[in-house]
Amino acid sequence: MGTKLFIYRMVTENIRKLYMAIGLQKWLYGTQVGDSILNQRLGVEPSDEKPNGLGLADATYISWLEEHPSALTSFVPMMSETKGKQIVVFLDYDGTLSPIVNDPDRAFMSDPMRSAVREVARHFPTAIISGRSRDKVYEFVKLDEVYYAGSHGMDIMGPPLHVKSYDGKYQINTLDDKGNEITIFQPAKEYLPTIKMMLKELRKRTCGIPGTLVEDNRFCISVHYRHVLDQDYGLLEEIIRDVVSEYPNFFHLTRGKKVIEIRPSIKWNKGDALVYLLDTLGFSDSTNVLPFYLGDDKTDEDAFKVLRSRGHGYPIIVSSVPRETSASYSLRDPSEVLSFLIRLARWGSMP
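Right, let's walk through the structure included here.

Rules behind the numbers
Residues numbered from 1 in each chain as written. Predicted model: local features only at pLDDT ≥ 70, side-chain atom pairs only at ≥ 80, totals over all residues. Heavy atoms only, no water. Helix = DSSP H or I, 4+ residues; strand = E, 2+ residues; numbered from the N terminus. Buried < 20%, exposed > 50% of the residue type's maximum accessible area, 1.4 Å probe, protein only. Contact = heavy atoms within 4.5 Å. Areas by Shrake-Rupley, 256 points an atom, 1.4 Å probe, with all protein chains shown as cover. Pairing = 2+ DSSP bridges. Axes fitted to C-alpha atoms, helices over the stretch in contact; angles between N-to-C directions. Salt bridge = Lys/Arg side-chain N within 4 Å of Asp/Glu carboxyl O. Polar contact = N/O pair within 3.5 Å; in protein donor to acceptor, adjacent residues only side chain to side chain. Parallel < 35°, antiparallel > 145°, perpendicular 65-115°, else oblique. Nonpolar A, V, L, I, M, F, W, Y, C, P; charged D, E, K, R; others polar. Right-handed = clockwise from strand over helix to strand, strands pointing away. Left-handed = near helix turned anticlockwise from the far one by under 90°.

## Concerning the overall build of the protein
In step 1: A tally of helices and strands in the protein yields 11 helices and 13 strands.
In step 2: Counting only residues that meet the buried cut, the protein has 53% of its 351 residues in that class.
In step 3: By sequence separation, contacts in the protein at least 24 residues apart represent 62% of the contacts at least 6 residues apart.
In step 4: Roughly 16,900 Å² of accessible area belongs to the protein as shown, and the carbon and sulfur atoms make up 51% of that amount.

## Points about the sheet that holds strand β3 (residues 147-150)
In step 1: Read across the sheet, 9 strands follow the order β5-β6-β4-β3-β2-β1-β11-β12-β13 without closing on themselves; strand pairing throughout is mixed. Single-partner strands in this sheet number two, and they are β5 (171-175) and β13 (329-331). Strand-to-strand twist in this sheet, taken as the mean axis angle between neighbours without regard to direction, amounts to 20°.
In step 2: Sitting on the sheet, helix α6 (residues 134-141) is in contact with β2 (126-129), β3, β4 (155-158) and β6 (181-185), with an inclination near 135° to β3.

## With respect to the side chain of Glu237
In step 1: By secondary structure assignment, the location of Glu237 is in helix α8 (residues 230-245).
In step 2: Assessed through its relative accessible area of 16%, Glu237 is described here as buried.

## Concerning the environment of Asn288
In step 1: With respect to the secondary-structure elements, Asn288 resides in the loop between α9 (270-280) and β11 (289-295).
In step 2: Placed 206 residues apart in sequence, Asn288 and Thr82 show a C-alpha to C-alpha distance of 9.0 Å.
In step 3: In contact with Asn288, other than residues within four places in its own chain, are Gly84, Lys85 and Gln86.

## Observations regarding the sheet that holds strand β10 (residues 259-264)
In step 1: Taking strand neighbours across the sheet as the criterion, the 4 strands line up as β7-β8-β10-β9 in an open arrangement whose pairing is antiparallel. Looking at which strands have only one partner, the edges of the open sheet turn out to be β7 (213-216) and β9 (251-256). Each strand of the sheet is rotated relative to its neighbour by a mean of 20°, with strand direction disregarded.
In step 2: Pairing geometry for β9 and β10, over 6 bridges, is antiparallel. Among the inter-strand pairings, Leu253 is bridged to a residue of β10, identified as Ile262.
In step 3: Sheet strands touched by α8: β8 (221-224), β9 and β10. Its angle to β9, the strand with the most contacts, is close to 150°.

## As for the pattern of salt bridges
In step 1: Tallied over the entire structure, the rule returns 17 salt bridges.
In step 2: A cluster of three or more residues bridged by salt bridges with shared partners is formed by Asp94, Arg132, Lys136 and Glu215.

## What to know about the side chain of Ser319
In step 1: Along the polypeptide, Ser319 turns up in the loop between β12 (314-318) and β13.
In step 2: Exposure remark for Ser319: the relative accessible area of 5% places this residue in the buried category.
In step 3: Looking at Ser319, its side chain comes within polar contact range of the main-chain oxygen of Val321, at 2.7 Å.
In step 4: Once residues lying within four places of it in the same chain are set aside, the contact partners of Ser319 are Tyr61, Trp64, Leu331 and Arg332.

## Side note on the packing of α9 against helix α10 (residues 301-310)
In step 1: The N-to-C vectors of α9 and α10 enclose an angle of 55°; their axes lie 6 Å apart at closest approach. On the basis of the axis angle, α9 is oblique to α10. Contact residues: α9 offers Lys270, Gly271, Leu274, Val275 and Leu278, while α10 offers Asp302, Ala303, Val306, Leu307 and Arg310.
In step 2: Among the residues forming the contact of α9 with α10, the class breakdown is 6 nonpolar, 1 polar and 3 charged.

## Regarding the pairing of β12
In step 1: Of all 5 residues making up β12, 5 are buried, and the element is well covered by its neighbours.
In step 2: Across the two faces of β12 the burial is the same, with Tyr314, Ile316 and Val318 and Pro315 and Ile317 all buried.
In step 3: The parallel pair β11 and β12, bridged by α10, forms a crossover whose chirality is right-handed.
In step 4: Across 3 bridges, β12 lies against β13 in parallel orientation. What sits directly across from Val318, in β13, is Leu331.

## So, the packing of helix α5 (residues 111-123) against helix α11 (residues 334-349)
In step 1: Look at α5 against α11: their axes get within 8 Å of each other, and the N-to-C directions meet at 35°. Relative to α11, α5 is oriented so that their crossing is left-handed. Between α5 and α11, the residues in contact are Pro112, Met113, Ala116, Val117, Glu119, Val120 and His123 and Pro334, Val337, Leu338, Leu341, Ile342, Leu344, Ala345, Gly348 and Ser349, respectively.
In step 2: Each residue belonging to the contact of α5 with α11 can be placed in one class, and the counts come to 12 nonpolar, 3 polar and 1 charged.

## What to know about α9
In step 1: Summarising burial for α9: 10 of the 11 residues are buried, a large majority.
In step 2: Of the residues making up α9, those classed as buried are Lys270, Gly271, Asp272, Ala273, Leu274, Tyr276, Leu277, Leu278, Asp279 and Thr280.
In step 3: Regarding α9, its N-cap is Asn269, as a side-chain oxygen of that residue lies 2.8 Å from the backbone nitrogen of Gly271 further along.
In step 4: Looking at the residues trailing α9, positive phi occurs at Gly282, about 90°.

Following this line, the structure appears as structure tokens:
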């Protein structure tokens, strides 16, 4: 333990200096809190320094944190449960790896975040599960070390393993652009021609409503209304419902942060995608795997519930405000996600 603690602190100090240089002060907060817990567990005298941050939070948020404690302050206790288990990491994109922005086409991932995800993927199988199209997420992330699931899990690029428990017509084994074997799983592929027709119709009928952005996410359609005037929102929603009504029982609406999404009415969500990826990674019904899932959206709740039902794993919600959730832990924003991923990668690199 002494050697591991020495290495931990040496690496922490080096990375602390690096991130001070580029101004990532929130990472320091997470490290300070984690170090104080580590000190307590190892019987080391604490320093006089007191981190700032949560002392400014209101009483409601502090009360919420009692039920959903910070994954930063809880890092060491969480990792104590990983002994003898394989960690697998699942990440949402928007609002988790990148901030929510006014223009969804500019939800860029920072270089430090990309480096952190790459380092995590070096030590643990890692997948990104997003509502965006799979190709679009890859354009943002630009990492070949991770697996991708787009369209809320309806378009998965996973390991080259054909899972017999899933319908074979939706799975194909192929090669990626670099010649690596992969499996593509698309349980909603039969809906694609209709989705393309709906996309064309929606763009035609909403072009007169200023601020509307209709985004093609391959197996779902996202209608962003962040810049739509309040007086125009009713008309926009009426148009969306009218288009969907032309295909009764085949599609349904879901809602996110200033976005309405049209999705195929199949029993498949981010939770199902998580289970599928665990299966393809060889961890079907395994009690020796410990999944982490970080996400900020309502659609991520499906994955949180899966981890809850399995009885092992860490569902972590990314939110700066109290909200009802099935997650066990929390992080405030993408900067805290960065802090957590850095610490997780550092943990994975320790002997």
